[in-house]
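Here is what each chain is made of, one letter per residue.
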Number of protein chains: 2
Amino acid sequence: MIADRMKVMLGASSAIRAMFEEGKKIAKIYGKENVYDFSLGNPSVPAPQKVKESFIDVIEHTDDITLHGYMNNSGFESVRESIAESINKKFGTAFSCKNIVMTVGAAGGLNVVLRAILNPDDEVIMIAPFFGEYLNYVANSFGKSVIVPPNPPTFQPDLEAFEKALTNRTKAVIINTPNNPTGVVYSEETLKKLSEILDKKSKENKQAIYLISDEPYRELAYDGVEVPYVTKYYANTIVGYSYSKSLSLPGERIGYLVIPDEAEDFENLASACNVATRILGFVNAPSLQQLVIQKCLDETSDISVYDKNRELLYNSLTEYGFECIKPQGAFYLFVKCPIDETQFVEKAKQLRLLLVGGKSFACEGYVRLAYCVSYDTVVNSLPQFKQLAKETLNK
Amino acid sequence: MIADRMKVMLGASSAIRAMFEEGKKIAKIYGKENVYDFSLGNPSVPAPQKVKESFIDVIEHTDDITLHGYMNNSGFESVRESIAESINKKFGTAFSCKNIVMTVGAAGGLNVVLRAILNPDDEVIMIAPFFGEYLNYVANSFGKSVIVPPNPPTFQPDLEAFEKALTNRTKAVIINTPNNPTGVVYSEETLKKLSEILDKKSKENKQAIYLISDEPYRELAYDGVEVPYVTKYYANTIVGYSYSKSLSLPGERIGYLVIPDEAEDFENLASACNVATRILGFVNAPSLQQLVIQKCLDETSDISVYDKNRELLYNSLTEYGFECIKPQGAFYLFVKCPIDETQFVEKAKQLRLLLVGGKSFACEGYVRLAYCVSYDTVVNSLPQFKQLAKETLNK
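This structure is a prediction, so every number in the text was calculated from the model and none was measured.

Reading the values: rules and limits
Residues numbered from 1 in each chain as written. Chains lettered and ligands numbered in written order. Predicted model: local features only at pLDDT ≥ 70, side-chain atom pairs only at ≥ 80, totals over all residues. Helix = DSSP H or I, 4+ residues; strand = E, 2+ residues; numbered from the N terminus. Rg over C-alpha atoms; globule rule 2.2 N^0.38 Å. Buried ≥ 20, exposed ≤ 12 C-beta atoms within 10 Å, placed from the backbone. Contact = placed C-beta atoms within 7 Å. Nonpolar A, V, L, I, M, F, W, Y, C, P; charged D, E, K, R; others polar. Axes fitted to C-alpha atoms, helices over the stretch in contact; angles between N-to-C directions. Parallel < 35°, antiparallel > 145°, perpendicular 65-115°, else oblique. Left-handed = near helix turned anticlockwise from the far one by under 90°. Least-squares fit on C-alpha atoms with pLDDT ≥ 70 in both. Pairing = 2+ DSSP bridges.

A word on the overall build of chain A. Secondary structure summary: chain A contains 13 helices and 12 strands in total. For a compact globule of 395 residues, the expected C-alpha radius of gyration is about 21 Å, and chain A comes in at 21 Å, within 12% of that figure. Out of the 395 residues in chain A, the part that is buried amounts to 51%. Look at the contacts in chain A between residues 6 or more apart in sequence, and 75% of them connect residues 24 or more apart.

This is how it looks when you write it as structure tokens:
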């Protein structure tokens, strides 16, 4: 007999699984190359060559006990120092190893920081559309999720609605920029205003509201757009980072948290993240992966591949009549459904296009396309999208 | 402002840290080689050569996208199949990949299964002495820990006390054999009786009580002692395994759960563990580590080193007059304090012997010695233990 709340989750999970199984069935009938799977955020670009070299180098030149042994739950000090220096060089900050906690990816990091700060029923604000797992992460640490409605067509946060959502129980806000699922990058202006609102409310509450900036897509930005470094705008920022997308290592589960000195209760906060890493059962980020990324801090996968997909897909879909904002980052396109979302997803599937409905991101009436696929997949999918437009637009 | 419950934990954590810092201070004064640190369960024996070879082999011969990409949250199917076959070969079971969930070490695995089964305030029984982190893992999933008192000097569970601890809210029992901190292996007789009690109570409750067998020390058994495979005695067993000790890979965070077909609600239970792996932020066990252990299923580190330490330490300490049971497994010795525990730990520290008090394992009046240290450390520590005996015995 499993837990009651797991039963609810299995229902949702089995819907996704059903989609996945149906995808496989279609692939069997039409051939795998004729199914256009835009449903998963799994990088299609291989890791840089330097990653492979570093794996070999670390394994061959590190003594076994250090390489595979336990270290401080927050990670190897030298790795954390190297990461701090790399951030400082890029963004003009002044972090050191004590500001960095190594995590089991960004998902691990978010769970760690939420466990560190949340008392039962503390409120955590998220701005729709957002990565649906945030709801689970907040629930894991006994918090309550509060959702700010989406603000189409720009998908910059509606700051008035945001301000209204804050209460004296608000303990944290999660933002994600470049955003999954819209690809939108929050502007410097947005971040400044958001910070002002948070400063004012923190003063009123006589307790800090932490701004948790989930940044797995930081390195995936196009057209030379700047992704502002959030700690510069708001003292109580905690950054969650992951190498899943920037180095194409999602299966390896490696990332980090940045906790600035200026954050309220800094010493305790850093210690609490250390303890949370242990008690949640992560214990530490995988040791080998820590030592490898230390050698790859200036590397990224070849994101020009995603950029090329983005241009073709955005230009084609808007030409066919679909509405969507041009993404400035990440590898997602968030398209408005001309008809009911569930029907649209179903019609797309009949055309062998696998998309994820906006409901999964608290934003009904949209679909997300993950364009971390081969360029050929994009090219070959276009006639299908054209057909989808024909069948659903102006109805 | 961190969470209230984290403040309590930071207090406990800073006591350990204080001990650690003091250890470093003593090391500075007397030299590192003159401090005898028996406090940590960090394997001192390097991983087998085959592990290193397998890391290189997997990195050089697996395509990047498979090697570093996402897979099913439960892990690579082929890895799970290989593990199932390896268990079947060793223990005559009949598992397949669907019975295995890859986890971020045993700590990750325990958190996953507890999340899968616990409703709020469900009771989880643990038999003292036990690894103190179990209390946190149960609390993470909103459960209540129920402690069965220790049963010295054999430390086989007191089955009468165990039966009394069961209620109609009992959802699970955690056992750990070979045991941390005693090194005791639960006998076949113990397991049979324990299973009978659980079968009876499950019937009475009209719902299964799951027996979670935490087995990171399974491979570390001495004098040819058999460690019974628990699924053979009780259908509703879930095994948690880790390669931290058997392959000396604690930092790499790799292990698995075994969920037998016979377990009540099997299909849902396996799916719930899959979902729990995702929502707790593990997402999946590190992909590279999964593929490496697949190639090392018949390997163990050289445990004869621990055995040698065990013999010398046990024989010497009992000769000096200390009381303890001879461990049959793991790499711990659990020694009775002749004086108050806190004072004993302090006196030991003054003699440069770093030990952990039994309170950390819900068993006051004892100390744990982790003998996963070099043989020289054991040899050189003996005069200090002799002195400790002189200062504390017959007082």
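Opposite the 60 residues of chain A that make contact, chain B presents 60 residues. Elements with a minimum of two residues in the side of chain A that touches chain B: α1 (4-30), α2 (49-61), α3 (64-68), α5 (105-117), α6 (133-140), α9 (266-279) and α10 (287-294) of chain A. If you tally residues by element for the side of chain A that touches chain B, the top one is α5 of chain A, at seven residues. Of the residues belonging to the side of chain A that touches chain B, the class tally is 33 nonpolar, 19 polar and eight charged.

We now examine the packing of helix α5 (residues 105-117) of chain B against helix α9 (residues 266-279) of chain B. The description of two helices packed together rests on the angle between their axes and the distance between the axes. All names here are of chain B. Contact geometry for α5 and α9: axes closest at 8 Å, N-to-C directions at 120°. It follows that α5 is oblique to α9 by the angle criterion. Taken as a pair, α5 and α9 cross one another with a handedness that is right-handed. In contact with V112, V113, R115 and A116 of α5, α9 contributes L269, A272, C273, A276 and T277. Grouping the amino acids of the contact of α5 with α9 by side-chain chemistry returns seven nonpolar, one polar and one charged.

This part is about the relation of the copies chain A and chain B. Between chain A and chain B, which share one sequence, the superposing operator has a rotation angle of 180° and an axial displacement of 0.0 Å; the RMSD is 0.0 Å. This pairing of chains is accounted for by a two-fold axis. Residue I56 of chain A of chain A places its C-alpha closer to the rotation axis than any other residue of that unit, at 3.1 Å. Both copies share a contact surface, since 100% of the interface residues of chain A are interface residues in chain B too.

Let's shift gears to the sheet that holds strand β12 (residues 366-370) of chain A. Residue and element names in this part refer to chain A. With antiparallel pairing, three strands are arranged side by side in an open sheet as β9-β12-β11. At either end of the open sheet lies a strand with only one pairing partner, and these are β9 (332-336) and β11 (356-357). In this structure, β11 lies alongside β12, joined through two bridges in antiparallel fashion. What sits directly across from G357, in β12, is V367.

Any functional reading would require information that these geometric values do not contain.
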